[in-house]
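# Structure assessment
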Amino acid sequence: MNVTRHFSDTRTPEGRVRFLLTPDWVQLVAEGKGWQHQSRHLDLMEAADFLAVVPQVSQHLYEQTLEDLERQMAFEGAA
């Protein structure tokens, strides 16, 4: 059974970015007013790197997403 786990969720006035994990891939979901992006990646780092080239993602949303992702990864590593 493939279970999807919500790993990270960043929300700013510019939009929202989520990283969803399964045992086989990472789904990147980004959305804002009038736009939406979804893609699958091999791992979190690939998904985070790809987020940088999604044209609708503002610099602020990108930076906040990376901060949230790093915080969640540190939390997961401490558990």
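Residues numbered from 1 in each chain as written. Predicted model: local features only at pLDDT ≥ 70, side-chain atom pairs only at ≥ 80, totals over all residues. Heavy atoms only, no water.

### Describing the overall build of the protein
Of regular secondary structure, the protein possesses 2 helices and 4 strands. For the protein, the sequential pattern of α-helices and β-strands runs β-β-β-β-α-α. Against the globule reference of 12 Å for 79 residues, the protein gives a C-alpha radius of gyration of 12 Å, in line with a compact fold. Across its three principal directions, the C-alpha atoms of the protein cover 35 × 25 × 15 Å. Across the 79 residues that make up the protein, the buried fraction comes to 42%. Within the protein, counting contacts between residues at least 6 apart in sequence, those at least 24 apart form 28% of the total. Looking at the protein as shown, the accessible area adds up to about 5000 Å², and 52% of this sits on carbon and sulfur atoms. (Helix = DSSP H or I, 4+ residues; strand = E, 2+ residues; numbered from the N terminus. Rg over C-alpha atoms; globule rule 2.2 N^0.38 Å. Buried < 20%, exposed > 50% of the residue type's maximum accessible area, 1.4 Å probe, protein only. Contact = heavy atoms within 4.5 Å. Areas by Shrake-Rupley, 256 points an atom, 1.4 Å probe, with all protein chains shown as cover.)

### Some words on the pattern of salt bridges
Counted by the stated rule, this structure contains 6 salt bridges. Between R18 and E31 there is a salt bridge; the shortest N-O distance is 3.4 Å. Note that R18 is positioned in strand 2 (residues 15-21) and E31 in strand 3 (residues 26-32), a separation of 13 residues in sequence. Take R18: its relative accessible area is 17%, and that puts it in the buried class. According to the relative accessible area criterion, E31 is partly exposed, its value standing at 22%. Here D68 ties to R71 by a salt bridge, and the two come within 2.8 Å at their closest N and O atoms. Of the two residues, D68 and R71 both sit in helix 2 (residues 59-78), 3 residues apart, roughly one turn of that helix. (Salt bridge = Lys/Arg side-chain N within 4 Å of Asp/Glu carboxyl O.)

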